[in-house]
Amino acid sequence: MASPALKSAHPLKTTPKGRWLRELYTPNHSAVHRIDARVKVIFTLAFIVFLNLTPSGAWPAYVLFFTWMFSLSLSSRLGIVFVLKRSLLALPFVLAALPLVFTGPAPLGHISVLNAPPLTYSVVGFYRFASIAIKAWVSVMAAVLLAATTRFPDLLTAFSQLKVPTLFITIIGLMWRYLFVISDEVTRMLRARTSRSATAPRSNRSGGSLFWRARVTGGMAGNLFLRSIERSDRVYAAMLSRGYTGQPAAQKTTRLQKKDLLVLAAGVILLVILWLLGVITGG
Amino acid sequence: MLFSPINPMHIPDGFLSVLLSIVLWVISVVLIGIALRKTGQTIGERQVPLMGVLAAAIFAGQMLNFSVTGGTSGHLLGAAIAAILLGPWPAVLVMTSVVAVQALLFQDGGILALGANLFNMAIIGPFVAYALFTLLMKLFKKQTWGLFIAGFIAAWSSIFIASLACALQLALSGTSPANIAVPAMGAIHALIGIGEGLITIGALAFIFAARKDLLIADANKPARNIGVVVGGLLLSLVLVVLSPLASSHPDGLEWVAEKHGFIEVAREAFYNIVPDYSMPGISNPALATIAAGILGAVIVFGVAYGIARAEKRPSAQDDAQR
């Protein structure tokens, strides 16, 4: 990863995304961190499903969903700024739902800004839009909470205990292991490209056409794939030499403890109650 | 990925109806299950690290970008290059890993919506890319320039067709009217697809120069995956035909979604969507569009298939002589 000093000192863009691959997991010792990963996975999924099942315009239920998730995030000591900043990630996608405000059914409302001709909007459409935005936001908060309080190996173990096929777990595990190695490799390639002026301002660029730039980048991509294929050969040889047989090492599957099951059951019951509240109050 | 551009194809949670999300989850899980079985059968444990490391490379390769114009940049998504290098089924697994990790760890795309995102990017993407690449390579008789044209078209189509699927899913969920979502998503991704296509050409050129064997080896064994080729073509055909239809008659979908809200959609979708959807299709212009689309595609497919057959015989003899 490029250091910030290099980035600011250099007139060119050194790396487009300095902190591109920041691992989300934050090591704290909160109660949420300690819960069994399986419970967290199932609960997060149930939370998102019930939140999305809640009809549009059920504002009281949304407030409770939000409060619940927000207080869970705070009690796992993630930091308000971190949670809010991170959860706004899905916000640009809200644009996709924006047309609802103007194409929704009657009754129509009118707003006029600064004596401009009045803008017609659909009230129902606006409610739907706002509901979608809130659901998206709170859902991302739930996903952030899961990823920030669970170590990735624990998450993988949880998935394999939840009967996700082993081949798949192995691939994702290997991918995770090499993700940071390879992203460092990509960062070095980007820095090499920058130092050879391929991203310099137009006047300093050698061969500035779009196709030239695309070809340079494509060459880098091809190079990256070749290096990765060759790296995987070395990885395989190393794995073989350590006794890899194609089967993952046996891992003990522990049953969920009674305490964990209770937590999960209580959470899901609460979710159902919130959902029913949403059905009653929603439009 | 705090500073990475948001990829407009990763649907977050909240935008798709629960029913549609679950249906797409089921479809994706079934297809990924097939991919796991096929991959387990055809290639040994040797490919496991290859797929893992390549998934990491595709993930990290999305950092590789180049400035297009006015602050926008093209960058690699990778479904096409994975399908070309690995074949369709391993590519499905690799892309599944990428999309799943993006959703789980970087919140790029939702968790409930992951089924839809997997369907668009990990299944449609590699399938369409592989089908078109295989067909075009047959058409171009394995010329060097044909490799690059086929690579470009495969990469562009994988992005474009997947974006149509994404737009239709948003429209079906009542999130975005089809007459806005389909042209908007299509247009944005037609441009993004050009970036993807150009990078794919560059990558293929590099691999062709450095490790020709990787590409030649793959070009020689496509016959086994005829199901994927047909499936990929059918997928693209259906989506290309359905999208303009949906966007010219958005009422059927929108009416249901708006009239009833989410839960009613979930409950009644099976009864309502189909008649509302096919009713406008009976009117003449739309029917004509579909018929023309299907006819055109069948003719193109027929020609391509004929060429492929004609091409196959001598090459099969070559193989036999070797």
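Residues numbered from 1 in each chain as written. Chains lettered and ligands numbered in written order. Predicted model: local features only at pLDDT ≥ 70, side-chain atom pairs only at ≥ 80, totals over all residues.

Structural notes on the overall build of chain A
So, point 1. The secondary structure content of chain A amounts to eleven helices and two strands.
So, point 2. Written out in order from the N terminus, the α and β elements of chain A read α-α-α-α-α-α-β-β-α-α-α-α-α.
So, point 3. Counting contacts in chain A only where the partners sit at least 6 residues apart, residues at least 24 apart contribute 75% of the total. (Helix = DSSP H or I, 4+ residues; strand = E, 2+ residues; numbered from the N terminus. Contact = placed C-beta atoms within 7 Å.)

Concerning helix H3 (residues 37–53) of chain A
So, point 1. Between the first and last C-alpha of H3 of chain A there are 24 Å, a value that for 17 residues agrees with the 24 Å anticipated at 1.5 Å per step.
So, point 2. Where H3 of chain A is buried, its residues touch helix H4 (59–75), helix H7 (123–149), helix H8 (152–161) and helix H11 (258–281) of chain A together with helix H1 (18–42) of chain B. (Expected span 1.5 Å × (residues − 1).)

Overview of unusual backbone geometry
So, point 1. One non-glycine residue, Lys163 of chain A, lies in positive phi territory at about 75°.
So, point 2. With respect to the helices and strands, Lys163 of chain A occurs in the loop between H8 and helix H9 (166–195).
So, point 3. Positive phi is not limited to glycine here, since Gln107 of chain B has a value of about 55°.

Considering the interface of chain A and chain B
So, point 1. Opposite the 75 residues of chain A that make contact, chain B presents 71 residues.
So, point 2. Considering every element that reaches the side of chain A that touches chain B, the biggest residue donor is helix H10 (residues 210–241) of chain A, with 22 residues.
So, point 3. Looking at side-chain class alone, the side of chain A that touches chain B contains 50 nonpolar, 18 polar and seven charged residues. (Nonpolar A, V, L, I, M, F, W, Y, C, P; charged D, E, K, R; others polar.)

Quick word on the packing of H1 of chain B against helix H4 (residues 88–106) of chain B
Residue and element names in this part refer to chain B.
So, point 1. Running from N to C, H1 and H4 point in directions that differ by 125°, and their axes come no closer than 8 Å. Compared by their axis directions, H1 and H4 come out oblique. Read as a crossing pair, H1 and H4 show a hand that is left-handed. Of the residues in H4, those touching H1 at Leu31, Ile32, Ala35, Leu36, Lys38 and Thr39 are Trp89, Pro90, Val92, Leu93 and Thr96.
So, point 2. Broken down by class, the residue content of the contact of H1 with H4 amounts to eight nonpolar, two polar and one charged. (Axes fitted to C-alpha atoms, helices over the stretch in contact; angles between N-to-C directions. Parallel < 35°, antiparallel > 145°, perpendicular 65-115°, else oblique. Left-handed = near helix turned anticlockwise from the far one by under 90°.)

Quick notes on the nonpolar core
So, point 1. Core analysis: the biggest nonpolar cluster contains 167 residues, and Ala82 and Val94 of chain B have the highest contact counts within it.
So, point 2. Sorting elements by how many residues they give to this core places helix H6 (residues 144–172) of chain B first, with 18 residues.
So, point 3. Here this core spans two domains, and each of domain 1 (1–21 + 163–252) and domain 2 (35–150 + 254–283) of chain A adds at least three residues to it.
So, point 4. With residues near it in sequence (within four places) discarded, Val94 of chain B still touches Met51, Leu54, Ala55, Ile58, Ala82 and Leu86 of chain B. (Core = buried A, V, L, I, M, F, W, Y, C linked by C-beta atoms within 7 Å. Buried ≥ 20, exposed ≤ 12 C-beta atoms within 10 Å, placed from the backbone. Domains from an automatic or database assignment.)

Details of H8 of chain A
So, point 1. Buried within H8 of chain A we find Phe152, Leu155, Leu156 and Phe159 of chain A. One side of H8 of chain A holds all its buried residues, which, seen down the axis, span an arc of 100°.
So, point 2. Those residues of H8 of chain A hidden inside the fold are in contact with H3 and H9 of chain A together with H4 of chain B.
So, point 3. One or two steps after H8 of chain A, the chain reaches Lys163 of chain A, where phi turns positive at roughly 75°. (Arc of directions from axis to C-beta.)

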